[in-house]
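Chain by chain, the residues run as shown.
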Amino acid sequence: MPLFQRAVFLTTVAHLRDLPQDAISEVAFAGRSNAGKSSAINTLAGRVRLAYVSKTPGRTQHLNYFTLAEGKYFVDLPGYGYAKAPAEIRAQWEGLIGPYLSKRQQLAGLVVIMDIRRPLTDLDLRLIDWFRPTGRPIHILLSKADKVSRQEQTKILRSVKAELATWGGAELYSVQLFSSLKKVGVDEAEGVLAGWLGLENKGPPDKGGPGAKMP
Ligand code: GDP
């Protein structure tokens, strides 16, 4: 069974002190608002509305936990990039998201969803900078791949890979094409996440195998 197929909403965490206290491994999903994060989560889960739980009032600025069938967690982080007062943004990052990313021991890896037409924006890099010191892996989904031609897809994928290769510890970073609309890259993403969580990947890997490893 695909990894996310039986995911269910668990809880919303507004304060670090409310994080689950068990030792269960988790993976987190982050991205700019409108990058296609909810659609990607719903696509992985095979369910139309799973991630919209995170978009309901009172939950959008918090960490939303879901339980996977295998007893692991995934965490939907607040979308970033909407116009907000700087003090509000700072409070959110310094109070919850930043410490979560940099200190959460159970966090096995971070998935960052980026619209293929706007990869690696300053805010994406800021998010990644919070997480990189942990030495844990980051996997980028270039979402809405259907919005550009195949030729563009290849070109953008190659340029993002080239950029990641310039970062120290390049083996920690991987990137792939993804489309919720066309269901592109689902097996590949599942393969990466299953690997992080120490689960067997039961689905057949698509093009190039799990993770689209760096050259
Ligand atoms: P979020 O704010 O990052 O959670 O983004 P959403 O998942 O809500 O998606 C934002 C918008 O992009 C919505 O209008 C989606 O229908 C659209 N979208 C998301 N994924 C895709 C995709 O793979 N292809 C296309 N063409 N549109 C998408």
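Residues numbered from 1 in each chain as written. Predicted model: local features only at pLDDT ≥ 70, side-chain atom pairs only at ≥ 80, totals over all residues. Heavy atoms only, no water.

## Quick word on the confidence of the model for the protein chain
- Taken over all residues, the pLDDT of the protein chain has a mean of 89, while the share at 70 or more is 91%.
- For residues 206-215, every residue scores under 50 in pLDDT, and the model assigns this stretch 29 contacts once sequence neighbours within four places are set aside. (pLDDT = per-residue confidence, 0-100. Contact = heavy atoms within 4.5 Å.)

## Some thoughts on helix α5 (residues 186-196)
- Here α5 lies mainly inside the structure; 9 of its 11 residues are buried.
- The set of residues buried in α5 consists of Val186, Glu188, Ala189, Glu190, Gly191, Val192, Leu193, Ala194 and Trp196.
- Residues of α5 that are buried make contact with β2 (26-31), α1 (37-45), β5 (107-115), β6 (138-143) and β7 (173-177).
- Gly198 occupies a position one or two residues after α5 and carries a positive phi of about 70°. (Buried < 20%, exposed > 50% of the residue type's maximum accessible area, 1.4 Å probe, protein only. Helix = DSSP H or I, 4+ residues; strand = E, 2+ residues; numbered from the N terminus.)

## Describing the side chain of Asp76
- Among the secondary structure elements, Asp76 is positioned in strand β4 (residues 73-76).
- Of note is the side chain of Asp76, whose polar atom sits 2.5 Å from the side chain of Lys37. (Polar contact = N/O pair within 3.5 Å; in protein donor to acceptor, adjacent residues only side chain to side chain.)

## So, the pairing of β2
- Most of β2 sits inside the fold, with 6 of its 6 residues counted as buried.
- In this structure, β2 lies alongside β5, joined through 6 bridges in parallel fashion. Paired with Phe29 across the two strands is Val111, which belongs to β5. (Pairing = 2+ DSSP bridges.)

## As for the packing of aromatic side chains
- In the structure shown here, the tally under the stated rule is 8 aromatic pairs.
- Ring plane angle 5° and centroid distance 4.7 Å describe the contact between Phe66 and Phe74, whose orientation is recorded as stacked.
- Classification of Phe74 by relative accessible area gives buried; the value is 0%.
- Each ring, one from Trp167 and one from Tyr173, has its centre 5.1 Å from the other, and the planes form 75°; the classification is edge-to-face. Of the two residues, Trp167 and Tyr173, both sit in the buried class.
- One aromatic cluster is present, built from ring pairs that chain together Phe4, Phe9, Phe29, Phe66 and Phe74. (Phe/Tyr/Trp six-rings, centres within 6.5 Å; stacked < 30°, edge-to-face > 60°.)

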